[in-house]
Every structure is written in C-alpha cells, then in structure tokens.
Amino acid sequence: MSSVSPIQIPSRLPLLLTHEGVLLPGSTMRTSVDSARNLQLVRSRLLKGTSLQSTILGVIPNTPDPASDAQDLPPLHRIGTAALAVQVVGSNWPKPHYTLLITGLCRFQIVQVVKEKPYPVADVEQLDRLEEFPNTCKTREELGELSEEFYKYAVQLVEMLDMSVPAVAKLRRLLDSLPREALPDILTSIIRTSNKEKLQILDAVSLEERFKMTIPLLVRQIEGLKLLQKTRKHKQDDDKRVIAIRPIRRITHIPGTLEDEDEDEDNDDIVMLEKKIRTSSMPEQAHKVCVKEIKRLKKMPQSMPEYALTRNYLELMVELPWNKSTTDRLDIRAARILLDNDHYAMEKLKKRVLEYLAVRQLKNNLKGPILCFVGPPGVGKTSVGRSVAKTLGREFHRIALGGVCDQSDIRGHRRTYVGSMPGRIINGLKTVGVNNPVFLLDEVDKLGKSLQGDPAAALLEVRFRKFPVCNHT
C-alpha cells in the first residue's frame, strides 16, 4: 500500500451532523439540512465561501443535531467522513431548509471540538494512511488473498445484474479501474445494507478488517439475487405452461360437448364478443367494421386506454336492435277509445293523431313522421306521446333536452376521447331494445349553445326512418 495519501484534508473541519444515513469514502449521498447548527454551517461556510477548501466538510453519522442553539451538543461519533459539497439546493417554504449532495473523500478521527456555536468545528486526524496501524494488519500476502476473494465476489455480484443498464456497466468498469482498497466502501454503499452495518464499515479503519466485514455482505446479496432469479424463472415457466395449455385445450376439443365450449368462452371475453358479432344480424358494412375492430382488439394489450374504448364500442354494436321491431296496431276505433280514456278534451290534438294512423293504413312506408306538440307546461304533451306509443303498440322512450348545450349529446362523442359515449338517440335504441320505438324529444325549445357546438343544428342530421318522433316544446 502506498504510504502517501492522494487526498489531503485540512486539520480543522466544520462538522455536519446527520442521522438519516452513513456516508462512506468514495460514495455520494443527498442529505437534508433543516436544523439550526447545520443551517448556519451551510449559510456561513458553503454559500459565502469562495475557495475549494470551504466546500470540504466533516460528516458525523448517527448524531442528531439539537433543535436549538441553546442546547448542548450530543456525544459525537468518534470517526467521520470528510466530504466535498458538490451541490446545494435550498428553499424558504414552508420553512428554511437545504439539500446537500456530498461525496465522501476519506475517514477522519475527531481529536478535539474547538467550537460549538454557531456550528461545531473540530481538529481532526486523517485515517486513510494504513501504515499507521501496523498491529491490526497481517502480512501482505494474507491481505492480498482477502483482496482477491473480495474482488471475486464483487465481480460475481455485478455480473448477476443486467449489464445493458448503463450504471451496471459503469460499475463493472470501476471494479477494474479503481484501487482494491477503495472497493469495500463503494460496494457497501451500493448494496442493500442497514445503517448499522455501514457504521461498522466506517469504523473499520484497518483494510483487512474492512475486507472481512464486507465479504459476508456481498455473499448475502448474491444469495438474495439467486433466490430472486430462481423465483422469477419459476413464474416465467408457469406462465409459458399456461400459454401452451390453452391452445391445446381448444385443439383437442370434441365437437358436441357444449359444456366445455361454454366454459372456455366464459373465460375468454374476446371469444364471446367475437361470437356475438358473428351471430348478430347487423348490416354488412357494420359487420365489416366490427370484424376489423375485433382483430385490432386481439393484438392490443389490456393496459392500453384504447383497449377499453374499442371493447365498449364493440359491445354497443352487438347490443343494438338491428332486426328487432314491434308490429304496429293501426285500429283507429281502438286508438280513439284509448285517447279518450287517457285525455280529456284536446280534440284538435286527438284528430291529428288519428289522421296519422289513417295515413299509415294507406301507406306503410312512411319515413319517420314528426308530430310537434306545443303548449304551456302541464297540459299533457308528454302523456300524449306516451299514449301514441301505446296506441301503436310500440316502445316509448323520452329524451329530455332541456339545458343540453353539447352537440356530442346528440351525435355521440369521438372514440378517441376517454369516457366517450354514444349519442342519446343510439343510447335510447339500446335501452328500449327495438328499432322502431316512439321517441319523445322533450323541451327542444330549451336547448342551449356553447363552445361545444349547437345541439339544435345536430338534430338536423338525425334521420328518422322507421319510428315517429314527438317533438315537444
């Protein structure tokens, strides 16, 4: 070992008291500064200092700083780490505090505390010259054997990690470039160790003692990585086995065993959705779109936001009543009796409804006639629309448009938006379950306008071909 230290620290250092972590030579650590004495140290020494020597601090671990200057210093740990303050970041909200990025240089021993206020300053003795401790070291050959054993475990540990990560590749190069006596401190700060174990390594001034204490820590870390890799390998094998079994189960399925087929489809929602698309009686154009979307859905991971949107779209398509309709009842006498039983007077309105039924008897292919009922609130416009549906034997659905100011409520939202929904007309068809209901557009005179468009203009694009609409104002 060289008898001359490459690092020479001042004989008197300001002390930074820490209790969160242990800084070892060669390692880097961030520490918070929010107590009185440490704040004074940062403001007086680091922020106002102009020389490189003013950035060198003595870091004393496992020592909480007193809450106020009036309290005495607690017992200080005998050995600390001389550190270089690389970065200072501060803030005054909600209270003054700083964060220091410090790099350990070497060990030192406190000889005497010469000042306690406003921050502690002590005379120190540098402890990185190993020849000063001849009684604690054995022969150079035995120390070389410990060094080789430590290097072997260190290389084994690093090679178990992912070498494609830049930090791991850099650590592998450092094992060959750095001197062996610096490796125990650096690896101890990297691997998973407790503050108590790091404190023991810091107190190990002898290089032989440092090697002996660090080797068991490396062995423990290596065993932990082996166990973790073994667990991950078992999990991957189990996943591969499940993936391999499922196609075999489908291939070896015996036709006619409906229980097995139903159980398999229940466990696979996409298969069930694909079956519903095949069995639905949607038009050819809509069927092509659904087949294209189900193919995209199979290739998507479930974590993608578009997966849920595409699946909701396909579920809506298969739930729409493409070929379900009710048979109209066009008996004018029965309709007159029903209207008289439900409503008193309103002869003009009843006459208009009966005229519509009479025209329907003569011409069955009317394309969405619109009946507009106008009157003050409470006179029975909504109930008349319900009676029209009952007279025709159709399903009835009311859409309240009062206060609607977004055209997407009528047209439907774009599928690119999260939480997109179909328009109220399509949603009403899904609700009633038939394709020829009576829609009641209630309070159309109370539609609003906004930056999202004009819903009244969007109503012009709605094409009613098979179901009458009662337009209510």
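In this report, we go over the structure that sits alongside the text.

Thresholds, definitions, all that
- Residue positions within a chain follow its written sequence, with the count starting from 1.
- Side-chain atom pairs in this predicted model are given and counted only at pLDDT of 80 or more, local residue features only at pLDDT of at least 70, and totals for whole chains, interfaces and linings cover all residues.
- Excluded from the side-chain calculation are hydrogens and water; included are all heavy atoms of the structure.
- A helix here means a DSSP run of H or I that spans at least four residues, while a strand means a run of E at least two residues long, and both kinds are numbered starting from the N terminus.
- Exposure classes here rest on a 1.4 Å probe applied to the protein chains alone. A residue is buried below 20% of its type maximum, exposed above 50%, and partly exposed in between.
- In what follows, a contact means two residues having at least one pair of non-hydrogen atoms within 4.5 Å.
- Under the pairing criterion, centres of Phe, Tyr and Trp rings, with the six-membered ring standing for Trp, must be within 6.5 Å; the plane angle then separates stacked pairs below 30 degrees from edge-to-face pairs above 60, leaving the rest tilted.
- Comment: the charge-over-ring label is applied if NZ (Lys) or CZ (Arg) is within 6 Å of the ring centre and within 35 degrees of the ring normal.
- Definition used in this section: a nonpolar core is a set of buried Ala, Val, Leu, Ile, Met, Phe, Trp, Tyr and Cys residues joined via side-chain atoms within 4.5 Å.
- Where each domain begins and ends is defined by an automated method or by a domain database.
- By salt bridge we mean one thing: a side-chain nitrogen of Lys or Arg within 4 Å of a carboxyl oxygen of Asp or Glu.
- Between the first and last residue of a helix there are one fewer steps than residues, each counted as 1.5 Å, and that sum is the expected span.
- To define axes, lines are fitted to C-alpha atoms, for helices over the stretch in contact only, and angles between the resulting N-to-C directions are given on a 0 to 180 degree scale.
- Under this scheme an angle from 65 to 115 degrees is roughly perpendicular, one under 35 degrees roughly parallel, and one over 145 degrees roughly antiparallel; angles in between are oblique.
- Left-handed describes a crossing whose near helix is turned anticlockwise from the far helix by less than a right angle; the clockwise case is right-handed.
- Classes in brief: Ala, Val, Leu, Ile, Met, Phe, Trp, Tyr, Cys and Pro nonpolar; Asp, Glu, Lys and Arg charged; the others, Gly included, polar.
- Positive charge is attributed to Lys and Arg, negative charge to Asp and Glu, and no charge count is given to His or to the chain ends.

## Examining the overall build of the protein
Here comes step 1: The helix and strand tally for the protein stands at 16 helices and 10 strands.
Here comes step 2: Relative to its 473 residues, the protein shows a buried fraction of 40%.
Here comes step 3: Taking the intrachain contacts of the protein between residues at least 6 apart in sequence as the baseline, contacts between residues at least 24 apart amount to 70%.

## What to know about unusual backbone geometry
Here comes step 1: The omega torsion across K117 and P118 is 0°, close enough to zero to call that bond cis.
Here comes step 2: Checked against the element boundaries, P118 lands in the loop between β5 (97-115) and β6 (121-126).
Here comes step 3: Not every positive phi belongs to a glycine, and A345 is a case in point at roughly 65°.
Here comes step 4: As for its placement among the helices and strands, A345 is situated in the loop between α11 (332-342) and α12 (347-362).
Here comes step 5: Within the chain, E443 stands out as a residue other than glycine whose phi angle is a positive 60°.
Here comes step 6: Among the structural elements, E443 can be located in the loop between β9 (438-442) and α16 (455-459).

## Let's talk about the packing of aromatic side chains
Here comes step 1: According to the stated counting rule, one finds one aromatic pair in the structure shown.
Here comes step 2: For the ring pair F150 and F211, a centre distance of 5.3 Å and an interplane angle of 55° mean the geometry is tilted. Taken together, the residues F150 in helix α2 (residues 140-159) and F211 in helix α6 (residues 207-251) connect sequence positions 61 residues apart.
Here comes step 3: Assessed through its relative accessible area of 0%, F150 is described here as buried.
Here comes step 4: The ring of Y151 has R180 lying over it, and the distance from NZ or CZ to the ring centre is 4.2 Å.

## Some points on the nonpolar core
Here comes step 1: Judged by nonpolar contacts, the single largest core of 31 residues is most densely connected at F150, L157, L175, L187, L202, F211 and L218.
Here comes step 2: Contributing elements (two or more residues each) for this core: α2, α3 (166-177), α4 (183-190), α5 (195-203) and α6.
Here comes step 3: No other element matches α2, which puts nine residues into this core.
Here comes step 4: Shared between two domains, this core takes at least three residues from each, and those domains are domain 1 (12-126) and domain 2 (137-223).
Here comes step 5: When neighbours within four sequence positions are excluded, L175 is seen to be in contact with Y151, A154, V155, V158, L183 and L187.
Here comes step 6: Counting 17 residues, the second-largest nonpolar core is a separate cluster that includes M29, L41, V42 and L46.

## With respect to the pattern of salt bridges
Here comes step 1: Taken as a whole and judged by the stated rule, the model has 24 salt bridges.
Here comes step 2: The residue E208 makes a salt bridge to K212 at a minimum N-O spacing of 3.2 Å. Placement of the pair is E208 and K212 together in helix α6, with a separation of four residues, close to one helical turn.
Here comes step 3: Overall, K212 belongs to the partly exposed group, its relative accessible area being 42%.
Here comes step 4: D442 is paired through a salt bridge with R398; the nearest N and O atoms lie 2.8 Å apart.

## Quick look at helix α13 (residues 381-392)
Here comes step 1: The terminal C-alpha atoms of α13 lie 17 Å apart, and with 12 residues this matches the ideal 16 Å at 1.5 Å per residue to within 8%.
Here comes step 2: Looking at α13, one finds that the buried residues are K381, V384, G385, S387, V388, A389, T391 and L392.
Here comes step 3: Following α13 by one or two positions, G393 adopts a phi angle in the positive range, close to 75°.

## Regarding the packing of α11 against α13
A pair of packed helices can be characterised by two numbers: the angle between their axes and the separation between those axes.
Here comes step 1: At a minimum axis separation of 10 Å, α11 and α13 run at an interaxial angle of 150°. Viewed along their axes, α11 and α13 adopt a mutual orientation that is roughly antiparallel. Crossing handedness for the pair α11 and α13: right-handed. Counted together, A335, L338, L339 and D342 of α11 and S387, K390 and T391 of α13 form the full contact between these two elements.
Here comes step 2: Of the residues assigned to the contact of α11 with α13, the class counts are three nonpolar, two polar and two charged.

## Observations concerning the environment of N427
Here comes step 1: For N427, the location among the structural elements is in helix α15 (residues 424-432).
Here comes step 2: For the pair N427 and G412, spaced 15 residues apart in sequence, the C-alpha separation works out to 9.2 Å.

## Quick notes on α4
Here comes step 1: Most of α4 sits inside the fold, with six of its eight residues counted as buried.
Here comes step 2: Buried within α4 we find L183, P184, D185, I186, L187 and T188.

## Concerning the side chain of K198
Here comes step 1: Positionally, K198 belongs in helix α5.
Here comes step 2: Buried charge K198 goes without a salt bridge, the closest partner of opposite sign being E197 at 8.5 Å.
Here comes step 3: Beyond its immediate stretch of four places on either side in the chain, K198 contacts V22, L24, T188, S189 and T193.

## So, the environment of A182
Here comes step 1: Among the structural elements, A182 can be located in the loop between α3 and α4.
Here comes step 2: Judged by relative accessible area, A182 falls into the partly exposed class, the value being 26%.
Here comes step 3: Along the primary structure A182 and G26 are separated by 156 residues, whereas in three dimensions their C-alpha atoms are 7.1 Å apart.

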